[in-house]
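Read off the chains here:
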Amino acid sequence: MDYLLSEEEQMIKDTAREITEEKIIPLRAELDEKNEFPTVILEDMAKADLFSIFVPEEYGGLGGGCFEIVLALEELARGCVGVATSFAASALGIFPVLIAGNEEMKQKYMPDIASGKRWAAFGLTEANAGSDASGIQTTAVLDGDEWVLNGTKQWITNGGESQIYTIIALTDPSKGARGASIFVVEDGDPGFSYGKKEDKMGIRSSATRELILKDCRIPKDRLVGRKGTGFITVMKTLDISRPGIASLGVGLGQAALDEAVVYAKQRVQFGKPIISFQAVQHMLADMATQLEAARSLVYAAARHIDANPKNMSKPSSMCKVFATDMAMKVTTDAVQVLGGYGYMKEYPVEKMMRDAKILQIYEGTNQIQRNVIGQELNKEYI
Amino acid sequence: MNIIVCIKQVPDAKDVRLDPKTNTLAREGVESIMNPFDRHALEEGVRLKETHGGQVTALSMGPPQAESVLREAISCGADQGVLVSDRAFAGADTWATSYTLRKAIEASGEFDLILCGKQAIDGDTAQVGPGLAGQMKLPFVTCVQKIRNLDDGIIQVERMMDDGFDVLELPVPALLTVVKDINDPRVPSLKGKMKAKKATIKILSAADIGAEEQCIGLAGSPTRVVNVFTPAPRGDRKMFTGSLEEQVDQLVDQLRSYL
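For clarity, every value in this text was computed on a predicted model and none was experimentally measured.

> Could you clarify how one ought to interpret the sheet that holds strand β10 (residues 174-178) of chain B in this entry?
In a beta sheet, neighbouring strands pair by backbone hydrogen bonds and run either parallel or antiparallel. Residues and elements named next belong to chain B. Strand order in the open sheet formed by nine strands is β9-β8-β7-β10-β6-β1-β4-β5-β11, and the pairing between neighbours is mixed. Because the sheet does not close on itself, it has two edges, and the strands there are β9 (164-171) and β11 (202-204). This sheet shows a mean twist of 30° between the axes of neighbouring strands, independent of strand direction. Note: strand β4 (residues 55-61) against strand β5 (residues 80-84), five bridges, orientation parallel. Bridge pairing links Ser 60 to Leu 83 in β5. Its contacts with the sheet put helix α2 (residues 67-75) on β4, β5 and β11, and the angle it makes with β5 is roughly 160°.

Okay, structure coming up:
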């Protein structure tokens, strides 16, 4: 379907597609097998200016928004969700600075993010704070001109690979979620180190690691926004970032559908290509229809968010839940269409099905997304 | 460090047909791309510029639509594009093309290095690079797989050979033709694409470069394509087996049998 993209939007989509075709697809199986971070590919993305798309022009970016990120991530995910996740996590990690940081802080970090010289990561999750993010236990105490951070962050995407980390910590534990603040911690800060590196089912090229803050001392001006407003910023960050995860589902679904249709046209059984059998045709038709519906919803939600409406949580959650559930279903069906071959690592759909699962889990499980949608409905109908 | 990169627009190899009348490549209706080897030459030029400073000029001879590969070159990091285009250039072989490029370069000013792809994927002659160097009386090396060093007006390169590589030094100005192993070309950048969209491509005619009529186009081309055909399969092949000595003995016997 033609989504009537502007020339600049089409340019972003084409550039991300070229990165996928030339840099990601040739390497994805090897990166997956070796659990290897795609440093070289991220450098290629930086040279192609992809990291600049969501950075305002005054900091050397192209001034795009949620929709531009969605277009880029969709194309990158066609190649590999692990690589695309590494890119997305850098955007997620710097959003708090963009949303709540002061001018000085933006001047300090945004140009390096735009040029791809430095990458970011978002440090929210802890062992006891997953879906219930208010359960975080990391603390920050002001000592003279420095903040002292203590705690352990878990499953942090780009952990150990990025140079800039936004860390959510309690500055007033007695207030719970209202006592949370966000800090920028840099690679090499005293008391900041990396812990366990995870061995995952899918998106194996992305790095998922523990961050350890042990009497980590950082300058006073690393506080992002006002003290105690951390959770509001986190919620705004996730509202803007979730369509990006949804678009990973769209890109992945497209890749799986492409593989399934090409295979179904080539594979001959009972003397005919299997695409001529109605049972297979109907599966492919459902995959294509669900995929296009998801794409339409994600694009619409992203454009809605870029208009900066008062309430963006519902469309943001709706597109995340719909597109990632679609990706799980479409990749599973793609494996089914390819049959025994689909289950083998020689064909890419096996990896796609493994990669799809995380989309229903991270950046807010799909159950949490439904909670958000339900709570919004409850507020809307008096 | 001012670098000229010679670029040819070629038909995409995914869709190649011959014109049955002229036995040359049918170009109409076929998608055009930047010659893949030239992309590597351009990338090397841009990397040299990033290290040593200077300017990269992308130069092409071709019909007006070849402007698009020059815009692509700008999106990949070239500073400007020059298109040598004139109906009088039509039908040029490698000799006339080398002459025309020489005249265009002479009309364009100073340079330190000319980079070309090893060959174009349509004609496959690999003659224009060396031909241009010959025309300009420049030192040149073909099939460069690595530029090792560039210092004090001396460039040290590795030339790919069947069984390894040669290390050669030559003074600049010089001309190099490159193989794909030299680098992994970047994807055109977004800011580059925006710059390319707005860029003015300089177009030079035969008169602009002062080309002599009898040296350009079909009239200036000694080459004539007489016939293009698929060679018949060669005769039987024989595999020798056994130890190395036994195989050599068998080979000698076989060769003797032909005497």
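Anyway, onward from the coordinates.
> Any chance you could explain the side chain of Lys13(A) here in plain terms?
All names here are of chain A. Here Lys 13 lies in helix α1 (residues 7-24). Within the structure, the side chain of Lys 13 is placed 3.0 Å from the side chain of Glu 75, a separation counted as a polar contact. If we ignore the near neighbours within four places in the chain, the residues touching Lys 13 are Leu 5, Leu 71, Glu 74, Glu 75 and Tyr 299.

> What am I meant to see in helix α5 (residues 81-100) of chain A here?
What sets the pattern is the α-helix's 3.6 residues per turn: residues three or four places apart point alike. The terminal C-alpha atoms of α5(A), which comprises 20 residues, lie 29 Å apart, in line with the 28 Å expected from a rise of 1.5 Å per residue. Among the 20 residues of α5(A), 18 are classified as buried, and the element is accordingly described as predominantly covered.

> Which parts of the structure should I look at to understand the interface of chain A and chain B?
Quite often, the size of an interface is put as the accessible area lost when its parts meet. Taken residue by residue, the interface counts 18 residues in chain A and 13 residues in chain B. Across the chain A to chain B interface the summed buried area is about 1400 Å²; carbon plus sulfur atoms make up 58%. It is Met11(A), Lys23(A) and Lys47(A) in chain A that bury the most area against chain B; as a group they hold 35% of the surface buried on that side. Our count for the chain A to chain B interface comes out at four salt bridges. Taking the shortest distance from any N to any O, the salt bridge between Glu22(A) and Arg39(B) comes out at 3.3 Å. Here the side of chain A that touches chain B gets 10 residues from one element, more than from any other, and that element is α1(A). Partitioned by chemical class, the residues of the side of chain A that touches chain B number seven nonpolar, three polar and eight charged.

About the criteria used
- Residues numbered from 1 in each chain as written.
- Chains lettered and ligands numbered in written order.
- Predicted model: local features only at pLDDT ≥ 70, side-chain atom pairs only at ≥ 80, totals over all residues.
- Heavy atoms only, no water.
- Pairing = 2+ DSSP bridges.
- Helix = DSSP H or I, 4+ residues; strand = E, 2+ residues; numbered from the N terminus.
- Axes fitted to C-alpha atoms, helices over the stretch in contact; angles between N-to-C directions.
- Contact = heavy atoms within 4.5 Å.
- Polar contact = N/O pair within 3.5 Å; in protein donor to acceptor, adjacent residues only side chain to side chain.
- Expected span 1.5 Å × (residues − 1).
- Buried < 20%, exposed > 50% of the residue type's maximum accessible area, 1.4 Å probe, protein only.
- Buried area = accessible area lost by both parts, 1.4 Å probe.
- Salt bridge = Lys/Arg side-chain N within 4 Å of Asp/Glu carboxyl O.
- Nonpolar A, V, L, I, M, F, W, Y, C, P; charged D, E, K, R; others polar.

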